[in-house]
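An overview of the molecular structure
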Amino acid sequence: MINASLIKSTSAASVTLEAANALIQAVKTAAAEIGFEVSVAVTDAGGHLKAFQRTDSTPFLAAEVAVDKAWTSASFGYPTHVWNDYLGDPKVAPLAQHPRLMAVGGGYPILLDGKLIGGLGISGGSYEQDQQAAEAALKALGFELPA
């Protein structure tokens, strides 16, 4: 017997390209005020790259790190800086071997109305500077910061 009331799909909210580009501009503004060059990546909720920019003087490694920070933050909806504590748990520690996992500050989930709609990754400054620029950009555009 087939269950006619079986739910077969869900709607997945996603950050828009317009919002992704606005986040990039807000991050670049914050990074300039803080005093560092930056790579910025925005992914959709599935961790797929939506938008990216790297300022001219940012080291090339920062580009990959920014993308992986955005991917990591979108993966479970946690900021990347909290992963250090999680990886201290022996039951979670094997995830440290995942090649894309970035357990360093500068990645934040993009949350709207309590829903994960993407990931933001910033690299180029210290982890504190990356975090500060991410928080400033998310706040400036009215996105929620994780609790």
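Scroll up to find the structure this text is about.
Notes on the structure follow. (Residues numbered from 1 in each chain as written. Predicted model: local features only at pLDDT ≥ 70, side-chain atom pairs only at ≥ 80, totals over all residues. Heavy atoms only, no water.)

Counting buried positions over the 9 residues of strand 4 (residues 115-123) gives 7, a clear majority of the element. Examined bridge by bridge, strand 1 (residues 39-44) and strand 4 share 6 bridges and lie antiparallel to one another. Bridging from a neighbouring strand, D44 pairs with G118 of strand 4. Pairing between strand 3 (residues 107-112) and strand 4: 6 bridges, direction antiparallel. From the neighbouring strand, L111 faces strand 4, where its bridge partner is L116. Hairpin connection between strand 3 and strand 4: a loop of 2 residues separates the two successive antiparallel strands, and D113 in this loop has a positive phi of roughly 55 degrees. (Buried < 20%, exposed > 50% of the residue type's maximum accessible area, 1.4 Å probe, protein only. Helix = DSSP H or I, 4+ residues; strand = E, 2+ residues; numbered from the N terminus. Pairing = 2+ DSSP bridges.)

A separate point is the nonpolar core. Within the largest apolar cluster, 24 residues are counted, with the highest numbers of intra-cluster contacts made by L23, V27, V42, I110, L120 and I122. Counting residues per element, the ones that place at least two in this core are helix 1 (17-34), strand 1, strand 3, strand 4 and helix 4 (127-140). Top element by residues in this core is helix 1. It accounts for 8 residues. (Core = buried A, V, L, I, M, F, W, Y, C linked by side-chain atoms within 4.5 Å.)

Another aspect to go through is the sheet that holds strand 4. Within a sheet, each strand pairs with its neighbour through backbone hydrogen bonds, oriented either parallel or antiparallel. The sheet built from 4 strands is open, its strands ordered 2-1-4-3 with antiparallel pairing. Single-partner strands in this sheet number two, and they are strand 2 (49-54) and strand 3. Mean inter-strand twist for the sheet, computed between neighbouring axes without regard to direction, equals 15 degrees. Examined bridge by bridge, strand 1 and strand 2 share 5 bridges and lie antiparallel to one another. Its bridge partner being in strand 2, T43 is matched across the sheet by L49. Relative to strand 4, helix 2 (residues 60-76) is tilted by about 160 degrees, and along the sheet it contacts strand 1, strand 2, strand 3 and strand 4. (Axes fitted to C-alpha atoms, helices over the stretch in contact; angles between N-to-C directions. Contact = heavy atoms within 4.5 Å.)

The next thing to look at is a nonpolar patch on the surface. Side chains of F76, Y78, Y86 and L95 sit close together on the surface and give an oily, nonpolar patch of about 370 Å² of accessible area. For Y86, the location among the structural elements is in helix 3 (residues 83-87). (Patch = residues over 30% accessible without salt bridge, like charges linked within 9 Å, V, L, I, M, F, W, Y side chains within 5 Å. Areas by Shrake-Rupley, 256 points an atom, 1.4 Å probe, with all protein chains shown as cover. Salt bridge = Lys/Arg side-chain N within 4 Å of Asp/Glu carboxyl O.)

Right, let's get into helix 4. In this model, helix 4 (14 residues) spans 20 Å end to end at C-alpha, consistent with the 20 Å of a helix rising 1.5 Å per residue. If you check which residues of helix 4 are buried, you get D130, Q131, A133, A134, A137 and L138. For helix 4, the angular spread of buried residues about the axis comes to 165 degrees, placing them on one side. In this structure, helix 4 carries K139 and A140 as exposed residues pointing more than 90 degrees from its buried face. (Expected span 1.5 Å × (residues − 1). Arc of directions from axis to C-beta.)

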